Amino acid sequence: MGAGPNGLTAAITLVQAGLDVRVYEGAAAVGGGARTEEMTLPGFRHDPCSAVHPLGAGSPVLRALPLERHGLSWVHPDIPLAHPFPDGGAAVLARSMADTAASLGPDGDTYEQLLGPFLGRWEELAADVLRAPLARWPRDPVLLGCFGLLAIAPAALLARGFRGARARGLLAGLAGHVTAPLTSPVTGGIALLFALAAHEVGWPFPRGGTQALSDALAGLLTSLGGQIETGHPVRTLGELPRARAYLLDTSPGSLAAIAGSRLPGWYACALRRYQHGPAVFKVDYALSGPVPWAAEACRRAGTVHLGPTMEEIGAALRSAQRGTEPQPPFLITAQPSLFDPARAPATSHVFWVYAQVPNGWDGDLTGAIEAQIERFAPGFRDLVLARAVTSPAGIEARNPNNVGGDIAGGRCDGLRLLLRPTLSPVPYATPDPAVYLCSSATPPGPGVHGMCGYYAAQAALRRVFHTRPPLAEALGAPPASKEAGK
Ligand SMILES: Cc1cc2nc3c(=O)[nH]c(=O)nc-3n(C[C@H](O)[C@H](O)[C@H](O)COP(=O)(O)OP(=O)(O)OC[C@H]3O[C@@H](n4cnc5c(N)ncnc54)[C@H](O)[C@@H]3O)c2cc1C
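All of the points below concern the structure found in this document.

What counts as what
Residues numbered from 1 in each chain as written. Predicted model: local features only at pLDDT ≥ 70, side-chain atom pairs only at ≥ 80, totals over all residues. Heavy atoms only, no water. Helix = DSSP H or I, 4+ residues; strand = E, 2+ residues; numbered from the N terminus. Buried < 20%, exposed > 50% of the residue type's maximum accessible area, 1.4 Å probe, protein only. Arc of directions from axis to C-beta. Pairing = 2+ DSSP bridges. Near = heavy atom within 4 Å. Polar contact = N/O pair within 3.5 Å; in protein donor to acceptor, adjacent residues only side chain to side chain. Areas by Shrake-Rupley, 256 points an atom, 1.4 Å probe, with all protein chains shown as cover. Axes fitted to C-alpha atoms, helices over the stretch in contact; angles between N-to-C directions. Parallel < 35°, antiparallel > 145°, perpendicular 65-115°, else oblique. Contact = heavy atoms within 4.5 Å. Nonpolar A, V, L, I, M, F, W, Y, C, P; charged D, E, K, R; others polar. Phe/Tyr/Trp six-rings, centres within 6.5 Å; stacked < 30°, edge-to-face > 60°. Salt bridge = Lys/Arg side-chain N within 4 Å of Asp/Glu carboxyl O. Patch = residues over 30% accessible without salt bridge, like charges linked within 9 Å, V, L, I, M, F, W, Y side chains within 5 Å. Core = buried A, V, L, I, M, F, W, Y, C linked by side-chain atoms within 4.5 Å. Lys, Arg positive; Asp, Glu negative; His and termini not counted.

1. Focus on unusual backbone geometry
And step 1. Between Q327 and P328 the backbone carries a cis peptide bond, its omega angle lying at -5 degrees.
And step 2. Mapped onto the fold, P328 is located in the loop between α14 (310–322) and β10 (331–334).
And step 3. The residue after P443, namely P444, is reached through a cis peptide bond having omega 5 degrees.
And step 4. Take P444: it is sitting in the loop between β13 (435–437) and α17 (451–465).

Set out below in structure tokens:
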């Protein structure tokens, strides 16, 4: 159930293992959080949810699938990320580590010392990090151990290793992709992973918009014999044809409702009590020209973070967590049409912006968002042709998985990013051997990477069909002969 990136990846993994698979999607189109639509004016192709894909380009499973044959091509911006300051300068996260270090002034060397040891090791690291932490012995325990020692740290602590506001701001902005305060464990690791991804795989956009990635997954699935039925929201398992395994790309609460009495009371209760995190407030703009950034680097960047200092970003994230309006908000913005002209009519542009707000917040952040953009791009408002504003309620209305506007599949503070939805070595499995959760409410959590779907399918293949995914070895599992001998 659910044709989001995880549902589709799970379905592909099952089909590759030789099973008959049918996907039921509640919305009219496939994609879930990976869609593209004309939300404002004709010819302006916006991403209502995800837009930028370091985790997609770096995902072990998506990299192993022939998605290019089904229309996916990545567009790489000149600079993955720029982080401007009110003085007109900017820190940049460039493809090259040296260029990044050069933008960080006195902290360039520290940055290189921090990330240098992991350069060139993306494949091993991604295979060990983007999975359930208790599932199996790591592929490279030494590498994971070194990374883990740094990664468990809160971003606020890691940032103390830097002397200047630039490096601290850049690190805080990277950590701000996770909906947790900067003082929460693992936020430092998220920041480092995003930084490393920029050097290793980039922060690209799918050409034509994020829908192209979902369409490629759906195209691959159907080419292998899988079936997809859109416009079919599932309310109970009883309404579906009998199957040996059901995989749900849903929130934990929906899993409890849909599986009903098939799940024991204690487990259903744990799912119903699962906690959701801060929401996002999003604005998609149709602009008559490119954003008039004061900092030159921002004009060449795919993603721009707005919230200069670690203190300002930290305060905004804390507000969202504590239930108050962030003043000013920390913004994550993306400008895909600078690098992919097909996204908007000639000389015009789409611009993608969101800020974290409290779960279920019903205020209007549009004015505060535009004031924050104007601070770094004076004259921005004059370019606005149209805007599509999506509140937390709108985010949930678009996709029931985003409960209260939470786009991360659940709270991410503490160790909740790693241990979700319940503490278990195989968190995808439920007490019913035929029922599995495959959404971002399982490890490794939010992002368009398909890894939750892959590992949920692997759990079902093991438990029900006594086999394993054909891609297992490519994704770092020991050879089948060794596993059988254990
Ligand atoms: C505004 C926003 C911005 C984001 N930005 C980024 C980004 O830039 N980069 C990034 O990597 N990630 C980003 N994300 C997060 C990313 O989109 C999600 O983490 C990812 O899509 C999760 O994938 P999924 O397959 O688990 O679930 P989803 O993508 O949520 O898909 C679930 C699917 O299941 C369907 N469904 C749910 N219940 C039922 C049911 N009962 N019956 C049938 N169908 C059902 C839904 O309609 C949906 O299509 C963003 C998300 C949002 C909302």
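Right, picking up where we left off after that structure.
2. Things to note about helix α15 (residues 366–376)
And step 1. Among the residues of α15, T366, I369, E370, Q372, I373 and F376 are the ones counted as buried. Buried residues of α15, viewed axially, fall in a sector of 160 degrees; they line one side.

3. What to know about the pairing of strand β3 (residues 79–84)
And step 1. For β3, the tally of buried residues reaches six of six residues, placing the bulk of the element in the interior.
And step 2. Summarising the sheet, β3 and strand β9 (residues 301–306) pair through three bridges and their orientation is parallel. Paired with A82 across the bridge in β9 is V304.
And step 3. Where β3 meets strand β4 (residues 90–93), four bridges bridge the pair, whose relative direction is antiparallel. If you follow A82 over to β4, its bridge partner there is V92.

4. With respect to the site of the ligand
And step 1. Around the ligand there are 35 residues in total, and E25, G33, D249, N399 and G447 lie nearest to it.
And step 2. Within the backbone of V448, one N or O atom sits 2.9 Å away from an oxygen atom of the ligand.
And step 3. Bound to the protein, the ligand loses 93% of the 1,000 Å² it would expose on its own.
And step 4. Those elements that place two or more of their residues in the shell around the ligand are α1 (5–16) and β11 (349–357).
And step 5. If you tally residues by element for the shell around the ligand, the top one is α1, at three residues.

5. Re the packing of helix α9 (residues 165–175) against helix α10 (residues 187–200)
And step 1. In the contact formed by α9 and α10, the axes pass within 8 Å of each other and the chain directions differ by 100 degrees. What the angle tells us is that α9 and α10 run roughly perpendicular. Across the interface between the two elements, L171, L174 and A175 of α9 pack against T187, I190, A191, L192, F194 and A195 of α10.
And step 2. Tallied by class, residues from the contact of α9 with α10 come to eight nonpolar, one polar and no charged.

6. What to know about the packing of helix α5 (residues 108–115) against α10
And step 1. Relative to each other, α5 and α10 sit at 90 degrees, their axes nearing to 11 Å. Relative to α10, α5 is oriented roughly perpendicular. Residues Y111, L114 and L115 of α5 form the contact with α10, whose own contacting residues are L192, A195, L196 and H199.
And step 2. Residue composition of the contact of α5 with α10, by class: six nonpolar, one polar and no charged.

7. Digging into the environment of F147
And step 1. If you trace the backbone, F147 turns up in helix α7 (residues 141–151).
And step 2. With sequence-adjacent residues up to four places away left out, F147 is seen in contact with F118, L125, V129, G189, L192 and L193.

8. Side note on the packing of aromatic side chains
And step 1. Within this structure, the stated rule accounts for 11 aromatic pairs.
And step 2. Between W352 and Y354, the aromatic rings sit 5.3 Å apart at their centres with planes inclined by 75 degrees, giving edge-to-face as the arrangement.
And step 3. Overall, the relative accessible area of 8% leaves W352 in the buried class.

9. Observations regarding the side chain of E312
And step 1. Inspection of the secondary structure assignment puts E312 in helix α14.
And step 2. For E312, a relative accessible area of 16% gives the class buried.
And step 3. Each residue touching E312, except ones within four places of it in the same chain, is listed here: G307, P328, Q372 and R375.

10. Some words on the pattern of salt bridges
And step 1. Taken as a whole, this structure holds 17 salt bridges when the rule is applied.
And step 2. R468 is paired through a salt bridge with E473; the nearest N and O atoms lie 3.4 Å apart.
And step 3. The exposure class assigned to E473 is partly exposed, which follows from its relative accessible area of 45%.
And step 4. Connected through shared salt-bridge partners, R35, E37 and R398 make up one network.

11. Regarding a nonpolar patch on the surface
And step 1. Taken together, the side chains of L134, I152, L415, L418, L419 and L423 define a hydrophobic patch exposed on the protein surface, amounting to about 520 Å² of accessible area.
And step 2. Secondary-structure assignment places L134 in the loop between α6 (122–129) and α7.

12. Concerning the nonpolar core
And step 1. In terms of nonpolar packing, the biggest core is built from 108 residues, with L65, L67, L93, L174, W203 and L247 touching the most fellow members.
And step 2. Broken down by element, the residue count for this core peaks at 10 residues, all from α17.
And step 3. With residues up to four places along the chain from it excluded, the contact list for L67 reads L62, L72, L213, A216, L217 and L220.
And step 4. Counting 32 residues, the second largest nonpolar core, distinct from the first, contains V291, W361, L365 and I369.

13. Some remarks on α5
And step 1. All buried positions along α5 are accounted for by G108, Y111, L114 and L115. In a view along the axis of α5, the buried residues occupy a sector of 125 degrees, so they form one face of it. Turned more than 90 degrees from where α5 packs its buried face, D109 and Q113 sit exposed.
And step 2. Considering only its buried residues, α5 is in contact with β4, α4 (97–102), α7 and α10.

14. Some points on the side chain of E25
And step 1. Position of E25 relative to the elements: it lies in the loop between β1 (22–24) and α2 (54–57).
And step 2. Of the side chains bearing the opposite charge, R35 lies closest to the buried E25, which forms no salt bridge; the N-O distance is 6.3 Å.
And step 3. Excluding residues within four positions of it along the chain, E25 makes contact with G2, A3, G4, E229, T230, G231, H232 and P233.

15. What about the sheet that holds strand β8 (residues 279–287)?
And step 1. The seven strands are arranged β4-β3-β9-β10-β11-β8-β12 in an open sheet whose pairing can be described as mixed. Either end of the sheet is taken by a strand with one partner, and the two such strands are β4 and β12 (384–390). For this sheet the average axis-to-axis angle between neighbouring strands, irrespective of direction, equals 20 degrees.
And step 2. With respect to the sheet, α15 is in contact with β3, β8, β9, β10, β11 and β12, its orientation differing from that of β8 by roughly 60 degrees.

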